[in-house]
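Structure assessment
What follows is each chain in one-letter form.
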Amino acid sequence: MSKPDQPDDRVAPVVRLEQLARQVKDATEPTTLVSLATELDAFGRTVAQELAIRRDDPDLRRVLVYVPTLQSQALLRAAEGFDDRGSPRRAVYVLFEALRTAFDASVITTISEALTLMLEANGQPSASATLRELLAAREQHRAEGGKVGEVRARFSESVRQLRDSVDWGALADPGEQFD
């Protein structure tokens, strides 16, 4: 039994997730949203470790399932904020990070669409085309019954390679182009 002034161990992750969700909803600065996404990543790892110990805890399972979606929301909003402030390089980098950490198929599609638009708008048509090909290959692997972990690993590695091949100089923020 927990002491009255300490939260129940089973409730603490749920409460923390609710706090983080409120912070993501209320944040407006892109750097704050990126920090929250980083915090969510660490929180998700902690919850996963707890779940390894308490395998039958439904609250921990629900928390762990929602963490990547909330993290993606934070990163999408951060990318939008960077783009609105005229920082395409930061926006694209954050979108790559969001794509790397996303799990849900609809979230991956949403992030990919935003990233495709950003790449096209900033003179990266071949990277944009490659991203579309990666999405099509991912969908094909899923349709063929590929194991979720294998499909995810293959897609993540392909996204990392694409990120490394982007012409980051073409994505220079306007202030950086004249320094």
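What you see is a predicted model; the values in this text were computed from it and never measured. (Residues numbered from 1 in each chain as written. Predicted model: local features only at pLDDT ≥ 70, side-chain atom pairs only at ≥ 80, totals over all residues. Heavy atoms only, no water.)

1. Describing the packing of aromatic side chains
- Summed over the entire model, instances satisfying the criterion amount to 2 aromatic pairs.
- Relative to Trp-168, the ring of Tyr-93 has its centre 5.9 Å away and its plane inclined at 55 degrees; by these criteria the two rings are tilted. You can see Tyr-93 sitting in helix H4 (residues 88-101) and its partner Trp-168 sitting in the loop between helix H7 (148-165) and helix H8 (174-177), a full 75 residues away along the chain.
- Through a chain of ring-to-ring contacts, three or more aromatic side chains come together here, namely Tyr-93, Phe-96 and Trp-168.
- When the ring centre of Phe-103 is taken as reference, the NZ or CZ atom of Arg-152 above it lies at 3.8 Å. (Phe/Tyr/Trp six-rings, centres within 6.5 Å; stacked < 30°, edge-to-face > 60°. Helix = DSSP H or I, 4+ residues; strand = E, 2+ residues; numbered from the N terminus. Lys NZ or Arg CZ within 6 Å of the ring centre and 35° of its normal.)

2. Regarding helix H5 (residues 105-121)
- Taking 1.5 Å per residue as the helical rise, H5 with its 17 residues ought to reach 24 Å, and the 24 Å between its terminal C-alpha atoms agrees with that figure.
- Close packing links the buried residues of H5 with helix H3 (58-84), H4, helix H6 (125-143) and H7.
- Just downstream of H5 lies Gly-123, where phi reads positive at about 70 degrees. (Expected span 1.5 Å × (residues − 1). Contact = heavy atoms within 4.5 Å.)

3. Let's talk about the confidence of the model for the protein chain
- Looking at the protein chain, pLDDT values average 89 and 91% of them are 70 or higher.
- For residues 1-7, every residue scores under 50 in pLDDT, and the model assigns this stretch 2 contacts once sequence neighbours within four places are set aside. (pLDDT = per-residue confidence, 0-100.)

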